[in-house]
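# Summary of structural features
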Amino acid sequence: MPELPEVETVRRGLAPVMEGAVIAQADVNRPDLRWPFPENISERLTGRRVLGLRRRSKYILVDLDSQESLLIHLGMSGRMLISGHTVGDFHHAHPAPAKHDHVVLHLDSGVRITFNDARRFGAMDLMQTGAQDDHWLIRDLGPEPLSNGFNDSYLIERLSNRNTPIKSALLDQRIVSGLGNIYVCEVLFRAGIHPKRKAGQIAAKRVAGLVPIIRAVLEEAIAAGGSSLKDYRQADGELGYFQHGFQVYDRESERCVNPGCTKHIARIVQSGRSSFFCPQCQR
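The structure reproduced in this document is the subject of the present report. Residue numbering note: each chain is counted from 1, following its sequence as written. A pLDDT threshold of at least 70 governs which residues receive local features in this predicted model, and a stricter bar of 80 or more applies before side-chain atom pairs are shown or counted, although totals over entire chains, interfaces and linings include all residues. Side-chain metrics rest on all non-hydrogen atoms present in the structure, leaving aside hydrogens and water.

## Examining the overall build of the protein chain
Short version of the rule: Helical segments are the DSSP runs of H or I of at least four residues, strand segments are the runs of E of at least two, and each set is numbered from the N terminus. Radius of gyration: over C-alpha atoms. The globule rule applied is 2.2 Å multiplied by the number of residues raised to the 0.38 power. Only protein chains enter the accessibility calculation, which uses a 1.4 Å probe; a residue whose area is less than 20% of its type maximum is buried, one above 50% is exposed, and one in between is partly exposed.
Counting its regular elements, the protein chain contains six helices and twelve strands. In terms of overall size, the protein chain behaves like a compact globule, its C-alpha atoms giving a radius of gyration of 20 Å where 283 residues would be expected to give roughly 19 Å. Its C-alpha atoms put the protein chain at 60 × 40 × 30 Å along the principal axes. The proportion of buried residues among the 283 residues of the protein chain is 51%.

The following block contains the structure:
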């Protein structure tokens, strides 16, 4: 499932062509995705001008001049694809309609935004702009890891006395939003912390050190366009490249990249998810 860097990359790809444009027509080709679409979604989108695009955790929020915001969740296989625009010397023509093109936004500029989702685990909803903090998908989320609200004192306080493994704690969206399995594995490797260590037993200094590492990993991943695994693509159809820089994730049995380390990357399963780590470098 796309994590924060992939969703932010998609948002940045959509913003230049969507912001300021009018949705001339909204085609909604089925009644639901993971959940039913809101009532009259096509009519509520058609004719509306896009004021801006934001991201909260793994959700894209499209602010409209109707004082409503469109919430988009990509799910496991959802893609937001742009066509009918020119980037540099290349014109991306409209492709033929595909089987899983569930929502198509025709902009007044001639650009088309297509939400394609083969597995239909994605979602779209409409809410009053400014009321997103009350939405049931957002209201219990922790702070953004790239925001000022996520700092060493906050993380130390939230992890204090927790008996859960640090891997599980960092995946808890109520503690910090947007982190997923890939980036938590990479963060813990850089921090030298074993994924099974109890969160409440890690020294405060080491917990504080996680904050800049989390930010660095996410910023590097965003700069690389995210990690392309299985279904993920950027909004222009290009692949992300951060997976080429993985230090532990999906590298089971490969040599540890740390100089002087002779161990190989190991894999364990925690809460149904694979954790990759170096048994020598992570304690």
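## Focus: the sheet that holds strand E5 (residues 78–83)
Here is the rule: By the convention used here, strands pair only if DSSP detects at least 2 bridges between them. Lines fitted to C-alpha atoms define the axes, with helix axes restricted to the stretch in contact, and inter-axis angles between N-to-C directions lie between 0 and 180 degrees. What makes two residues a contact is simply this: any of their non-hydrogen atoms within 4.5 Å.
Read from one edge of the open sheet, four strands run E1-E8-E9-E5, paired in antiparallel fashion. The sheet is open, and its two borders are formed by strand E1 (23–28) and E5, each paired with just one other strand. On average, each strand axis in the sheet is inclined to that of its neighbour by 15°, with strand direction left out of account. Against the sheet, helix H1 (residues 4–18) touches E5, strand E8 (101–107) and strand E9 (112–117), its axis set at about 35° to E5.

## Some details on unusual backbone geometry
Even without glycine at this site, Gln67 takes up a positive phi of about 70°. Along the chain, Gln67 falls in the loop between strand E3 (59–64) and strand E4 (68–73). On the accessibility criterion, Gln67 (56% relative accessible area) is exposed.

## A look at the sheet that holds strand E2 (residues 50–56)
In spatial order, the strands read E2-E3-E4-E10; together these four strands make up an open sheet with antiparallel pairing. Of all strands in the sheet, those with a lone pairing partner are E2 and strand E10 (123–128), marking the two edges. Strand-to-strand twist of the sheet, defined as the mean angle between neighbouring strand axes without regard to direction, takes the value 20°. Strand direction decides the pairing type here: E2 and E3, joined by six bridges, are antiparallel. When the bridges of E3 are listed, Arg54 appears paired with Leu61. Against the sheet, H1 contacts E2 and E3, and its axis sits at roughly 175° relative to E2.

## A look at the side chain of Asp101
Counted only if it meets this: Charge assignment in this entry is limited to Lys and Arg as positive and Asp and Glu as negative, and neither His nor the chain termini are counted. What makes a salt bridge here is a side-chain nitrogen of Lys or Arg within 4 Å of a carboxyl oxygen of Asp or Glu, nothing more. Counted as a polar contact is a pair of N or O atoms within 3.5 Å, where, for protein atoms, one must be capable of donating a hydrogen and the other of accepting one, and residues adjacent in sequence contribute only when both atoms are in side chains.
Mapped onto the secondary structure, Asp101 falls in strand E8. For the buried Asp101, which has no salt bridge, the nearest side chain bearing the opposite charge is Arg112, at an N-O separation of 6.6 Å. At 2.9 Å, the side chain of Asp101 and the backbone nitrogen of Ala98 are in polar contact. Polar contacts involving the side chain of Asp101 include one to the side chain of Asn116, which spans 2.8 Å. Setting aside residues no more than four positions away along its own chain, Asp101 makes contact with Asn29, Ala96, Thr114, Phe115 and Asn116.

Keep in mind these values describe shape, not function.
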